Amino acid sequence: MTLERNRDFGDYVPAPDDDLVICRCEEVTKGEIRQAVRDGMFNVHEVRRLLRCGMGLCQGRTCAKLVKAIIARELNLPAPSLLDATARAPMRPVEMKVFANEKGL
Amino acid sequence: MSETSDVLIIGAGAIGSAAAYYLAKRKISVTVLEKSEYIGNGGSSRNGGGVRQSGRHSAELPLAMYGVKNLWPNLSQELGLEVEYCQGGNLRLGKTEAHLKILQGLTANCVAGGLDMRMIDYREAKEICPYLSEEVIGASWCPTDGHANPLLTTLAFYRAARKLGARYVSGAEVDKLVKNKGRVTKAITADGTEYEFGQAIVVAGYDSGKILATVGLEVPMMPLLMEILVTEDAPRMFTQMLGTAMADFYGHQSTHGSFVFGGTHGFEPYAEYGETKLTSVGASSTCRGIIGYFPVLSDLKIVRTWSGWIDDCADHIPVMGNPKETPGLTIGCAFSGHGFGISPVAGLLLAQLATGQETALDVSRFSYDRFRAKV
Ligand SMILES: Cc1cc2nc3c(=O)[nH]c(=O)nc-3n(C[C@H](O)[C@H](O)[C@H](O)COP(=O)(O)OP(=O)(O)OC[C@H]3O[C@@H](n4cnc5c(N)ncnc54)[C@H](O)[C@@H]3O)c2cc1C
């Protein structure tokens, strides 16, 4: 979908719950996510790359839905219209020595 | 619908957005078209973050050195976003006499180009990085190399360019360029929108080839799939960028503590170009490389693996310039897997090329017409 990225959001209106921690692994707050959207990060991927929310040990299992909802609200879009971040192997953290093992267990 | 700007940039990677930033800063009207729905979905957000001068081709070395001296040190401040540039030096490790020979060759080449780089023995390498395997017998050392966060660097250029008024359109794939009376004047996207320009810069990675072909230009590039991984956070261990004589792996510890390691396994040219995917051997091979040099890391957990395409040129250095055949067009592609470290300076040079300014550095070695057939 073609997206013009120079929209004007007007002045930032602080919300009472801007301090709420949304991504607990990386300690990212709701206010930081809202600000990132206004800085041009218009989807889950860009917000994650900028703030690291969803990049910690749990890889977003806990916060992915919340992050998406905050971005959607800031953009005035229904949350389902935003794509989820890509899940990547390994699905659980795995030691290097396990990956390195060529002989099988 | 037709829309006009002084400069149209095709591709919003680190280099396209750096060019947009340097143009917007000069108050030139610029539009950036990006095929993906996401900014920075190409190599620019998928790379290992190496900001390396050592081991560069003699043609590229002046660019890398210019960037390290003049652009990287102030980049976070200039762009208003921390890009985690860390000038921790580069250690390239060897375990055999044959390895040391390779490293000596690289070192001699870079010293001839004026870079502060030298060979060191195991003892000195171990002082610089205490976690090395005892199998290491020597290394090359470049104290002014380093690394930065590629995700943040790419978004920082985008964010700053956008703030200065650069217009960005994502989900806009350029299908073709159109010539009018001998000049390239227009790009048409997949949905039929036409974008007119005074000058266009094609910085679309490997896909630049397809776009350039629509006006009869040919760049000899090959797509290679490179794989990479990131570990869980670890306490601060070292600040250097690491590599080996055999390029079995390279990487660094990021600001927040995780290690980012890439590597090669030998099958890179055989992946079918398209979506990014992972091979069954990539992460395993890289882990064996890492453990062979850093046994202490073997219990560290990997949290994520991914891959990206590189646009490898026949002679492994970029194409940057304004081909005579196509007035109105500037090319910036074929960065051959080492374009991140020079992304700020490449953006600056492309901005200068696109506006007919004198370039900060000589770019004649990167010209489009340098390629000659075998016979
Ligand atoms: C795994 C990996 C590790 C690497 N490690 C390093 C490293 O440590 N150090 C280093 O210096 N370099 C490294 N590189 C190389 C570096 O990432 C690239 O050279 C650099 O990012 C190139 O930047 P770019 O802006 O030209 O390309 P890209 O980031 O690929 O940007 C090109 C953009 O053009 C867009 N595009 C394509 N076709 C069209 C079209 N038709 N219309 C509109 N837009 C289009 C793409 O979607 C893309 O966003 C690595 C690369 C990979 C893949």
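Details of the structure are given in the entry above.
What comes next concerns the included structure.

### As for helix α2 (residues 44-51) of chain A
The buried count for α2(A) comes to eight of eight residues, which makes it a mostly enclosed element. By the burial criterion, the buried members of α2(A) are A:Val44, A:His45, A:Glu46, A:Val47, A:Arg48, A:Arg49, A:Leu50 and A:Leu51. Those residues of α2(A) that are buried lie in contact with β3 (28-29), α1 (30-38) and α3 (64-75) of chain A together with α6 (150-163) and β16 (301-313) of chain B. A:Arg52 lies just past α2(A) and shows a positive phi near 75 degrees.

### A short note on the packing of α2(A) against α6(B)
Where α2(A) contacts α6(B), the axes come no closer than 8 Å and their chain directions differ by 115 degrees. Relative to α6(B), the element α2(A) is oriented roughly perpendicular. For the pair α2(A) and α6(B), the crossing hand works out as left-handed. Note on element contacts: α6(B) touches α2(A) through B:Leu151, B:Leu152 and B:Leu155, opposite A:Glu46, A:Arg49 and A:Leu50. Counted by class, the contact of α2(A) with α6(B) contains four nonpolar, no polar and two charged residues.

### What about the pattern of salt bridges?
Scanning the model with the defined rule gives 20 salt bridges over all chains in all. Of the charged contacts, one joins A:Asp17 and A:Lys30 as a salt bridge, the two residues approaching to 3.0 Å between their closest N and O atoms. One end of the pair, A:Asp17, is in the loop between β1 (3-4) and β2 (21-23); the other, A:Lys30, is in helix α1, with 13 residues separating them in the sequence. Under the relative-accessibility criterion, A:Asp17 is labelled partly exposed at 30%. We classify A:Lys30 as buried; its relative accessible area is 11%. One salt bridge connects B:Glu194 with B:Lys186, and the closest N-O pair in it is separated by 3.1 Å. Connected through shared salt-bridge partners, A:Asp18, A:Arg34, A:Arg38 and A:Glu74 make up one network.

### Quick look at the site of the ligand
All names here are of chain B. Around the ligand, the surrounding shell holds 39 residues, and the nearest of these are Glu 34, Ser 44, Val 174, Gly 339 and Gly 341. Here Ile 15 contributes a backbone N or O atom positioned 3.2 Å from an oxygen atom of the ligand. In the model, an oxygen atom of the ligand is placed 2.9 Å from a nitrogen or oxygen of the Gly 339 main chain. When the free accessible area of the ligand is taken as 1,000 Å², the share hidden by the protein chains comes to 94%. At the level of elements, α1 (14-25), β2 (30-34), β12 (221-233) and β16 are the ones that each hand at least two residues to the shell around the ligand. For the shell around the ligand, the residue count by class is 17 nonpolar, 16 polar and six charged.

### Here we look at the interface of chain B and chain A
Contact with chain B, which involves 43 residues of that partner, is made by 37 residues of chain A. Summing the contributions of chain B and of chain A, the shared interface buries around 3,700 Å²; its carbon and sulfur component is 50%. A per-residue breakdown of the area chain B buries against chain A is headed by B:Tyr38, B:Arg162 and B:Arg304, which together make up 19% of the total. For the interface between chain B and chain A, the tally reads four salt bridges.

### A look at the environment of A:Asn101
With respect to the helices, strands and loops of the structure, A:Asn101 is situated in the segment after α4 (96-100). A sequence separation of 44 residues divides A:Asn101 from A:Leu57, and the C-alpha atoms of the two residues are 23 Å apart.

Parameters and conventions
- Residues numbered from 1 in each chain as written.
- Chains lettered and ligands numbered in written order.
- Predicted model: local features only at pLDDT ≥ 70, side-chain atom pairs only at ≥ 80, totals over all residues.
- Heavy atoms only, no water.
- Buried < 20%, exposed > 50% of the residue type's maximum accessible area, 1.4 Å probe, protein only.
- Helix = DSSP H or I, 4+ residues; strand = E, 2+ residues; numbered from the N terminus.
- Contact = heavy atoms within 4.5 Å.
- Axes fitted to C-alpha atoms, helices over the stretch in contact; angles between N-to-C directions.
- Parallel < 35°, antiparallel > 145°, perpendicular 65-115°, else oblique.
- Left-handed = near helix turned anticlockwise from the far one by under 90°.
- Nonpolar A, V, L, I, M, F, W, Y, C, P; charged D, E, K, R; others polar.
- Salt bridge = Lys/Arg side-chain N within 4 Å of Asp/Glu carboxyl O.
- Near = heavy atom within 4 Å.
- Polar contact = N/O pair within 3.5 Å; in protein donor to acceptor, adjacent residues only side chain to side chain.
- Areas by Shrake-Rupley, 256 points an atom, 1.4 Å probe, with all protein chains shown as cover.
- Buried area = accessible area lost by both parts, 1.4 Å probe.

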